[in-house]
Amino acid sequence: SLLQQKAKGERVNAQTTTTTTELELEPPAIDLEYFFGSLHATEGQSGVSIVDIDVPSNDPTYCALGKCGQNNFVNYIKGKGFAPQPVNGIHRYIKIAYTSDCPFDSLTKTIEVTTSVEQGFANGLAFTNSSSATPGVLIGCEAHVASTTMFCFTTLSDKTHQLVDC
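Predicted model only: the values in this text are computed from it and were never measured.

> Before we move on, can you summarise the overall build of the chain with the specific residues and values?
When helices and strands are tallied, the chain shows four helices and eight strands. Ordered by position in the sequence, the α and β elements of the chain form the string α-α-β-β-β-β-β-β-α-α-β-β. Relative to all contacts within the chain whose residues are 6 or more apart in sequence, the contacts with residues 24 or more apart total 70%. Roughly 8100 Å² of accessible area belongs to the chain as shown, and the carbon and sulfur atoms make up 50% of that amount.

Following this line, the structure appears as C-alpha cells:
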C-alpha cells in the first residue's frame with residue numbers, strides 16, 4: 001500500500017485522471033486507500049479523518065472556489081471522501097487516527113461529506129487550521145491523536161495527481 005511504502009521511505013506516485021482545475025466533487029473511481037492507505041479505525045481508535053489544509057492553495061494570494069490561500073477542506077470522514085484534487089500547487093492532506101478517548105462520533109455527527117464545495121469548507125471549520133501546531137485535527141480531540149500522516153499531492157499538467165515529497 002502507499003502508506004507502507006511511504007513509511008519505508010520509498011518514493012510513490014499515485015495518479016488518476018478524474019480532476020480539472022475546478023473542483024469536481026464526485027467519489028473517485030478508485031478506492032481512497034490507493035491514495036491514503038488504510039482508512040479504518042483500528043482497535044483502540046475512535047475514527048479517522050483526512051483534511052486538505054491548503055484549499056484552494058498554499059499561496060495566500062491565490063483565490064478560487066470563493067476562498068483565498070490556505071483553508072481546511074474535509075476530504076474523508078465516516079466512510080465518505082474524495083480523491084486528492086489540488087487546485088493550485090502542492091496540497092498537504094493530513095490523515096489523523098484518533099484514540100478511543102476522542103468523542104469522534106459526537107463531534108462529527110453534523111459533518112456530512114457531500115459534493116458541495118461550500119459544505120466541504122464548512123466542515124473544515126471543525127478542524128485545526130494550517131497555522132496550528134497540529135493542523136487538520138478535529139477540534140476537541142487535539143489531545144487524543146493516535147497517529148498523524150501527511151500526504152502531499154500536486155496536479156500535473158495532464159490533470160493527473162502525483163504524490164510528492166512534503
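> Explain helix H4 (residues 117-124) to me, using residue names and the numbers behind them.
Note on helix geometry: an α-helix contains 3.6 residues per turn, so any two residues three or four positions apart are oriented the same way. Those residues of H4 that fall on the buried side of the exposure criterion are Val 117, Gly 120, Phe 121, Asn 123 and Gly 124. In an axial view of H4, the angular spread of the buried residues amounts to 160°, which keeps them on one side of the axis. As for H4, its buried residues are in contact with strand S1 (45-56), strand S3 (67-68) and strand S4 (70-77).

> Go over the pattern of salt bridges, please, and point to the residues and values.
One pass over the structure, following the stated rule, counts two salt bridges. Arg 92 is paired through a salt bridge with Asp 54; the nearest N and O atoms lie 2.8 Å apart. Pair noted here: Arg 92 is in strand S6 (residues 91-99) and Asp 54 is in strand S1, with a separation of 38 residues, a long-range link. Judged by relative accessible area, Asp 54 falls into the buried class, the value being 0%. Here Glu 112 makes a salt bridge to Lys 80, at a shortest N to O gap of 2.9 Å.

> Can you explain unusual backbone geometry? Please cite residues and give values.
For the peptide bond that leads from Val 55 to Pro 56, omega is 0°, which places it in the cis range. Examined against the element boundaries, Pro 56 turns out to sit in strand S1. For Lys 78, which is not glycine, the phi dihedral falls at a positive 55°. By the element assignment, Lys 78 lies in the loop between S4 and strand S5 (80-81).

> Account for the state of the cysteines, naming residues and giving values.
A full pass over the atoms with the stated rule returns three disulfides. Here Cys 102 engages in a disulfide with Cys 141; their sulfurs sit 2.0 Å apart. Because the torsion about its S-S bond is 80°, the bridge between Cys 102 and Cys 141 counts as right-handed. Within this pair, whereas Cys 102 is found in the loop between S6 and helix H3 (104-107), its partner Cys 141 is found in the loop between H4 and strand S7 (145-155), the two being separated by 39 residues in sequence. Grouping residues by exposure puts Cys 102 and Cys 141 together as buried. For Cys 152, the disulfide goes to Cys 166, at an S-S distance of 2.2 Å. The S-S bond linking Cys 152 to Cys 166 shows a torsion near 120°; that makes this disulfide right-handed. Here Cys 152, found in strand S7, pairs with Cys 166, found in the segment after strand S8 (161-164); they are 14 residues apart in sequence, far enough to count as distant. On the basis of relative accessibility, which here comes to 1%, the residue Cys 152 falls in the buried class. A residue is classified by how much of its surface remains accessible, and Cys 166, at 60% relative accessible area, is exposed.

Procedures and definitions
- Residues numbered from 1 in each chain as written.
- Predicted model: local features only at pLDDT ≥ 70, side-chain atom pairs only at ≥ 80, totals over all residues.
- Heavy atoms only, no water.
- Helix = DSSP H or I, 4+ residues; strand = E, 2+ residues; numbered from the N terminus.
- Contact = heavy atoms within 4.5 Å.
- Areas by Shrake-Rupley, 256 points an atom, 1.4 Å probe, with all protein chains shown as cover.
- Buried < 20%, exposed > 50% of the residue type's maximum accessible area, 1.4 Å probe, protein only.
- Arc of directions from axis to C-beta.
- Salt bridge = Lys/Arg side-chain N within 4 Å of Asp/Glu carboxyl O.
- Disulfide = S-S within 2.5 Å.

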